[in-house]
Protein chains: 2
Amino acid sequence: MAESEVKVLGVWASPFVLRPRIALNIKDVKYEFIEENMQSKSKLLLKSNPVYKKVPVLVHGDKPISESLNIVEYIDEAWSSGPSILPSDPYDRALERFWVAFINDKWSATIKGIDIADGEEAKKAAVDQVVEILVLLEEAFKKCSKGKAFFGGDRIGYVDIAFGCYLGWLRVREKHHEVTLLDQAKTPELVKWVERFSEHPAVVGVMPELEKLGEFAKGVFAKMRAAANLPPK
Amino acid sequence: MAESEVKVLGVWASPFVLRPRIALNIKDVKYEFIEENMQSKSKLLLKSNPVYKKVPVLVHGDKPISESLNIVEYIDEAWSSGPSILPSDPYDRALERFWVAFINDKWSATIKGIDIADGEEAKKAAVDQVVEILVLLEEAFKKCSKGKAFFGGDRIGYVDIAFGCYLGWLRVREKHHEVTLLDQAKTPELVKWVERFSEHPAVVGVMPELEKLGEFAKGVFAKMRAAANLPPK
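Since the model is a prediction, treat every value here as computed from it, not as a measurement.

Another aspect to go through is the sheet that holds strand β4 (residues 63-66) of chain A. Residues and elements named next belong to chain A. In space, the four strands of this open sheet follow the order β2-β1-β3-β4, with mixed pairing throughout. Strand pairing shows two members of the sheet lacking a second neighbour, β2 (32-35) and β4, which therefore form its edges. Taken pair by pair, the neighbouring strands of this sheet meet at an average axis angle of 20°, ignoring direction. Two strands pair when backbone bridges link them, and strand β1 (residues 6-10) and strand β3 (residues 57-60) are joined in this way by four bridges, in the antiparallel orientation. Counted as the bridge partner of Lys-7 is Val-59 from β3. Set on the sheet, helix α3 (residues 68-78) makes contact with β3 and β4; between it and β4 the angle comes to about 125°.

Attention shifts here to the side chain of Arg97(B). By secondary structure assignment, the location of Arg97(B) is in helix α4 (residues 90-115). Looking at Arg97(B), the relative accessible area reads 7%, which means it is buried. Side chain to side chain, Arg97(B) and Glu73(A) meet in a polar contact 3.3 Å long. Among residues more than four places away in sequence, those in contact with Arg97(B) are Asn70(A), Glu73(A), Glu77(A), Arg97(A), Glu73(B), Leu86(B) and Tyr158(B).

Residue and element names in this part refer to chain A. Here β3 runs beside β4; their pairing, made up of four bridges, is antiparallel. Across the sheet, the residue bridging to His-60 is Lys-63, located in β4. Between the end of β3 and the start of β4, which pair antiparallel, lie two residues, with Gly-61 showing a positive phi angle near 65°.

Procedures and definitions
- Residues numbered from 1 in each chain as written.
- Chains lettered and ligands numbered in written order.
- Predicted model: local features only at pLDDT ≥ 70, side-chain atom pairs only at ≥ 80, totals over all residues.
- Heavy atoms only, no water.
- Pairing = 2+ DSSP bridges.
- Helix = DSSP H or I, 4+ residues; strand = E, 2+ residues; numbered from the N terminus.
- Axes fitted to C-alpha atoms, helices over the stretch in contact; angles between N-to-C directions.
- Contact = heavy atoms within 4.5 Å.
- Buried < 20%, exposed > 50% of the residue type's maximum accessible area, 1.4 Å probe, protein only.
- Polar contact = N/O pair within 3.5 Å; in protein donor to acceptor, adjacent residues only side chain to side chain.

Written out as structure tokens, the structure is:
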């Protein structure tokens, strides 16, 4: 398969788009990244993901694959180059898939509560909900990592990718909303994991630059608050 | 592994609980079914699924696995007895996983619209939304089955299980709400598939009896309408 035959359709600021990009880096697969304009979607995107019309889409040769987690599992199964992303033992795989589904279900919905909190008390309650999830993920880290560096053990795995993709937006929110989410006292293992994950060679090149993401996020948060009839932060 | 070491914690009327049961039947794995009382959950359930405290849970030896689709993938990977549930080709697997995620995201949320529709016009709109999904699944059937009997081709596969589990409740809703959802004109392939699926040896023994489910559903629908401040049907 020629390198040019692997494309990722995405937008730079989307955490979901990072998932296939990190997975392809792990497998050492070169790909073309195509930045989509979501206000004027390309024909390739509309043809490749007719059901959702969303990014990311992986196009492998003439085959389109949609939905970020589905793409990561596909990458793991289609390329034997590079380390495995999911573990080989069925129970370990089930454990990782459980936490990935948990993250996917809960993270975005919960953290957005901070963006649209009305007043300091509501903001505190929203932060507490996020911290509750992080405390669960601290426990998950202990179970999945078995004392090693990553959720995936010695290597970056499925849970690392599924959760790690949100770290840029997490940091941007901490700064913008002046809150602490990742707390040394409550989630010490996660705090250390974040450093290791962010420095991993498969990750460094694709994580958006925090200042640029912060500027972009300001506009997003302002729109969310306007839509909810709330005063700007 | 002794037969007694496989347990499914569930409730008889839950479509999600059918998923692991059908998967275990396909693999010809004997298991103990333990009916849970969700108003007074067992210690085994609370210990096995501390995050969600929901059924189904598969307990394999001393290992608990939660979330119905996660369990089905685990069963496929842990037991090589019986046919595979997911296909072997990575792209075919991605295609099935895409549709399974689609069904899981959309089906329950959309079909409940009929249960809590306020008036005939709203009911019709809710039915149209369900039919829209069914028409997409008709297309998915053509793509996945490649002209064969099931979404999984010659054998019952991942999409068959993920969608087939809802058929009892679909039939009960058609009767209770006096609507047609599975329509010969709009979804002819699905109509034929429903018959084949329902008669499959891995399915017949576990699908709840329609009359019993219909009686149970009456109570569920009544509660849903009361909670939404709507008159009973």
